[in-house]
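Overview (structure and organization)
Spelled out, the chains give:
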Amino acid sequence: MKKLYLMCLLLIAVMGVQAQTRTFSGRVLDAGNSDPLIGAAVTLQGSTTGSITDVNGKFSLNVPAGNVTLVVKYVGYADQTVTFTANDQDVTVKLAVQQNALEDVVVVGFGTIKRRDLTGAVASVKASDIVRAPTHNPLEAIQGRASGVDITRSSGAAGAGVNVQIRGTRSIPNALNTANGINPNAPLLVVDGVQNGGNINNINPNDIESIEVLQDASSTAIYGSQGANGVIIVTTKKGISGKAKVSYNGYYGVNGWTQFPQPRQGESYINLRRESFRLPDGTIPNDATVFPNAGELQAIQAGQTVNWMDLSTRNGQQQSHTVSVRGGNDNTKAFFSLGYFNEQGQLRNQDYNRYNFRYNIDQKINNWIKAGIVGQLAFTKTNARRDPLSNALTAFPFGVPFNADGSVKTNPLTDASGNPVTGFLSPLTDERAFAAVDEAVANEINATAFVELNPIKGLTFRSNLGTVLGNSRRGVFNDAQSLTQANPRYSEAYIQNNNTRYYNWDNVLTYTRDIKKHGFTATVLSSYIHSDGESVEARGRNQTINAQTFYGLLGTDPTTRTISAPYTRFDLLAYAGRFNYSYDGKYLLQATMRWDGASRLAPGNKWDSFPSVSAGWVLSREDFMKNVSQLNNLKLRASYGISGNSTIPPYGTQSLLVPIQMGFGNVGVPAYAFGGDIVSPNLGWEKSKTIDIGLDVTAFNSRVTAAIDWYLTKTSDLLFRRSLPQSTGQQFIYQNIASTQNSGINITLTTVNIQTKDFKWSSTATFSHNAEKITGLIDGRNILSTTNPERESLFIGSQVQSFYTYRKTGIWQLGETGTRFGSTTGTQYQPGDIKVQDLNNDGVIDATNDRTVIGHAQPRWFGGFQNTFTYKNFDLNVFMVARYGQTVYGEFLGRYDPSGAQNGPDNFDYWTPTNPTNDFPKPGRGNLSNLYNNNYQSLLFIDGSFLKIKNVSLGYTFPKSLTDRIKIGTLRAYATASNMFTFTKNKLLRDYDPERGGAESSPLSRQLVFGVNVDF
């Protein structure tokens, strides 16, 4: 009886306890991309009760009845404390990436380091930010997100790449480098440890785990000559332990609404043409005089108005689809990804297709050996064409664009007899079948294998062999009535095949040891790079059948056929050592030395050394800072180092022979001549010496983080391609004869502005200022270009790319006394003429005394500003970029034709006696260059400052109750708008996106896409 009584009491007690507790469940997600966080720790505040999330980010634990407060933690993310009511169940907790978390591991050259121990200037961008922009190029996705890194899209053409520059222009580019695809100011790209690891355009942004940008010399010195212009390290995703995770990420949208000036139409064009014929007495001749060219007056009288711009452009489309699998166990981890990207450009017959397959396999062989392989297979197909926008902007805006059957009419005007006017070629002519073809296909195979040995504690040896094999074919055909061949009026075809091989073998030995408060890491390495390539090109004219395009070149005129088969090779061998020391986490030191040997340089100058040293002081760990509770981390950094540059074309130091044809009497014979560059026996390294002082701050429980860097880089012995006098019999020679300087400040600030249970607002701002100037040239004098002085001249004290011409101050108005051009007896400027600044105030405008540097291509500063808002399951991201103080060469500004013989932008306001504008000069009989001498160049250079709302993305993560029913892990849908709004300082750019830099061809478009992220 007593036992029965005790059992009843125990049962009542258990029932009472159960009534006071409940099972609480939910999931933990990445706030940026809604991916589940595997292994996140969820604990009940003030107790040891806790749980770990599974592969779907789910957790479950017993909690007391009533309100509960949970603490959620995950490595690399900000901790979050959240309170839930008694009615809450199946909740979702989103953790934000802690951008500057001290324990974050940062990828640096040939290794990794915790951010708290970092002494160099390194910017990091995580996967959640990289995938925010709907683009095929990962570097375009980080525009404005890393201070000091200036990124602009190279053009608006389908599949176009980006221009990347880190901390200004150090080297002076030249035409030969450009022709060989060499950019001496381009940063080094490292993909999964492989230097120059393939084409960044071929990497799917969804496959990337992080991007690090090494900016100061202490960070880049380990790469020696490769890292002179900064280093971009791309780390792709790897496998993880646990159940395989299958993901799909895709979007589809419209690519169009291109910002570009509209041409004059109807009366707007007719009035300009009439105004250009205005006589001194104010009268205007009749239209037969104003429109004397065949077919013009007939088309106007027939009302055959044509907007060639609207007909030449379209709204294209853009889509991306990626399926990935990620999983593994303690011994084997794997990641596989299959992607497809398609972009249809703003022009018909212009598109870009990319297919890629990425793999990453890590295998633990035993306790001290592991190996792996990572790589990618990529195939691209690009259909390009000559941009017709300049033709569409300037074409006579009347005529009949299409034949009765809908095909393009090659000559839109007809004369009085009904015959085609052959002098007017339709801007649409390239859209005829087989009229113009430019097709490129390319295959790229990236394969990197590594083995890593850990024979004793702290000692690691890693051997990494990376290969990039590429082959491509480009075929081009233009018929006799295409835009490209409009002047010679014969068809031309050519085909080019390229094969490239690239190998990078690195061997790295690292030893790490901690002795009480002392921490040591020593690294020694060897690096070998080999690159060679060959191509075959065949060309011919007057193809028999247009439909053969660039195939069957035996159908071309035999006397016009040419063939070439160049070959290039270069090698680089390097050795390096690096030593890191830390005392008590307060005092940090790093020293690096690298020796490089480059085959491109002259014998006796191929080898050089590149040292660097950096130090850090973590002030927040000092005793005198311990009472400052608001400060989590305060670190002062300083570094100094030397890096090199050997970026000249292979064989640039040698005199090469090229085949030519010579004649003896009436007999042609083959011969050889020097190719234009003579031997440069003393050509050595271009060197950059950089000092960097930085400050890292983390405060208010990591709600505010900041990184500030000031730097000064002096580059000497620039590799400069110098022109030679004709008396030498040669044209150029490479010499080390110039110097530049860059200094500036980079700031990155991240704040968590508001954080509650349901709502969070965080911001990240970047600011970059760089002052760039040439400090020395050949003999201490400026170099004035004889072919393009406005854009290719070099001036000591100015930026590398400076603009040199007259400074426009307005338009001469009625009643003003004009200066004279050329001399005191020269032509006097009249009302309606371009007014430029008389720099020496002598009353004469002349090229010697009145031209000056009026602007620079590089901005005074640029930056980005990102705001992220999350409310329950909704997320909103608004990202803006800005560039201030840049000058652009507006090619379309030169399309103002005072005579009206050619059309031009409709928003250009020109001077008349009744319209005293200061924008454009009065109409007249002639074009800009002969009416306004050289002053017209002053119209083309304008302030290109702008603020752009780069991306706006709105997303919604569907509730767990729904995703569980349809058997998936997470589901997020979103819409993203890109390049939608651009605000320019100069009104003449209101219909143009100045990120394009003023170029007339391939302006930038807007995008609107809709997408989903699904995890199974």
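Residue numbering note: each chain is counted from 1, following its sequence as written. The predicted nature of this model means local features are confined to residues of pLDDT at least 70 and side-chain atom pairs, given and counted, to a pLDDT of 80 or more, with totals for whole chains, interfaces and linings taken over all residues. Note that water and hydrogens are dropped before the side-chain values are worked out from all heavy atoms of the structure.

**As for the sheet that holds strand E7 (residues 91-95)**
The strand order E4-E1-E7 describes an open sheet built from 3 strands, whose pairing is mixed. The two strands at the open ends of the sheet, each matched to only one other strand, are strand E4 (58-64) and E7. Neighbour-to-neighbour, the strand axes of the sheet open up by a mean angle of 35°, direction not taken into account. Examined bridge by bridge, strand E1 (residues 21-30) and E4 share 7 bridges and lie antiparallel to one another. Each residue of the ladder has a partner; that of Thr 21, found in E4, is Pro 64. Note on pairing: two strands pair once DSSP finds at least 2 bridges between them. Numbered from the N terminus, helices here are DSSP runs of H or I no shorter than four residues, and strands are runs of E no shorter than two. Each axis is a line fitted through C-alpha atoms, taken for helices only over the stretch in contact, and angles between the N-to-C directions span 0 to 180 degrees.

**Concerning a nonpolar patch on the surface**
A contiguous nonpolar patch, built from Tyr 587, Leu 589, Val 613, Trp 617, Phe 624, Leu 636, Tyr 640, Ile 691, Ile 693, Leu 695, Ile 708 and Trp 710 and spanning about 1000 Å² of accessible area, is present on the exposed surface. Of all the elements in the fold, those that place two or more residues in the nonpolar patch are strand E28 (587-598), strand E29 (607-618), strand E30 (631-645), strand E33 (686-699) and strand E34 (704-716). When residues in the nonpolar patch are grouped by element, the largest group, 3 residues, is from E33. Turning to its location among the elements, Leu 636 is positioned in strand E30. For patch building, the residue pool is restricted to those with more than 30% relative accessible area and no salt bridge; the joining distance is 9 Å between like charges and 5 Å between nonpolar side chains (Val, Leu, Ile, Met, Phe, Trp, Tyr). Note on areas: Shrake-Rupley with a 1.4 Å probe; residue coverage comes only from the protein chains shown. For salt bridges, the criterion is a side-chain nitrogen of Lys or Arg within 4 Å of an Asp or Glu carboxyl oxygen.

**With respect to the domain arrangement of the protein**
According to the domain assignment, the protein consists of domain 1 (21-95) and domain 2 (105-245). The C-alpha centroid of domain 2 is placed 35 Å from the C-alpha centroid of domain 1. Taking both sides of the interface into account, the surface hidden between domain 1 and domain 2 amounts to around 500 Å²; carbon and sulfur atoms contribute 62%. Our enumeration of links across domain 1 and domain 2 arrives at 0 salt bridges. Polar contacts, as counted here, are pairs of nitrogen or oxygen atoms within 3.5 Å of one another; within protein the pair requires one atom able to donate a hydrogen and one able to accept it, and residues that are adjacent in sequence qualify only if both atoms are side-chain atoms. Counting across the interface, domain 1 meets domain 2 through 0 residue pairs in polar contact (both at pLDDT 80 or more). Charged residues are taken to be Asp, Glu, Lys and Arg, nonpolar residues to be Ala, Val, Leu, Ile, Met, Phe, Trp, Tyr, Cys and Pro, and polar residues to be all remaining types, Gly included. Here the residues of the side of domain 1 that touches domain 2 sort into 3 nonpolar, 2 polar and 2 charged. The start and end points of each domain follow an automatic or database-based domain assignment. Buried area, as used here, totals the accessible surface that two parts lose on assembly, with accessibility defined by a 1.4 Å probe and the loss added over both.

**A few points about the nonpolar core**
Judged by nonpolar contacts, the single largest core of 53 residues is most densely connected at Phe 396, Phe 892, Leu 893 and Phe 920. Secondary-structure elements contributing two or more residues to this core are helix H6 (267-276), helix H8 (296-301), helix H9 (308-312), helix H10 (389-394), strand E42 (834-836), strand E47 (887-889) and strand E48 (941-943). What makes two residues a contact is simply this: any of their non-hydrogen atoms within 4.5 Å. When near neighbours in sequence (up to four residues on either side) are disregarded, Phe 920 contacts Ile 811, Leu 893, Tyr 896, Phe 908, Asp 909, Tyr 910, Trp 911, Leu 939 and Leu 988. Here, nonpolar core refers to any group of buried Ala, Val, Leu, Ile, Met, Phe, Trp, Tyr and Cys residues whose side-chain atoms link them within 4.5 Å. Three labels apply to residues, based on accessible area from a 1.4 Å probe with only protein chains included: buried if under 20% of the type maximum, exposed if over 50%, partly exposed otherwise in between. Counting residues in each nonpolar core, the second largest holds 22 residues, with Ala 133, Val 164, Ile 200 and Ile 232 among its members.

**What to know about the environment of Lys 687**
Structurally, the position occupied by Lys 687 is in strand E33. Between the alpha carbons of Lys 687 and Asp 596 there is a distance of 12 Å; along the sequence they are 91 residues apart. Here Lys 687 is in contact with Asp 608, Ser 609, Phe 610, Ile 642, Ser 643, Gly 644, Lys 714, Thr 715 and Ser 716, once residues within four sequence places are set aside. Side-chain polar atoms of Lys 687 contact the side chain of Asp 608, separated by 2.9 Å.

**Side note on unusual backbone geometry**
Look at Arg 489: it is not a glycine, yet its phi comes out positive at around 60°. Residue position: Arg 489 is located in the loop between strand E23 (459-478) and strand E24 (492-515). Its identity is not glycine, yet Asp 584 carries a phi of approximately 60°, on the positive side. Residue placement: Asp 584 occurs in the loop between strand E27 (567-583) and E28. Under the relative-accessibility criterion, Asp 584 is labelled partly exposed at 23%.

**Some words on the sheet that holds strand E15 (residues 208-214)**
Taking strand neighbours across the sheet as the criterion, the 5 strands line up as E10-E15-E16-E13-E14 in an open arrangement whose pairing is mixed. Each of the sheet's edge strands pairs with one partner strand only, and the pair in question is strand E10 (122-126) and strand E14 (194-195). Pairing geometry for strand E13 (residues 188-191) and strand E16 (residues 231-236), over 4 bridges, is parallel. Bridged to Leu 189 within E16 is Ile 232.

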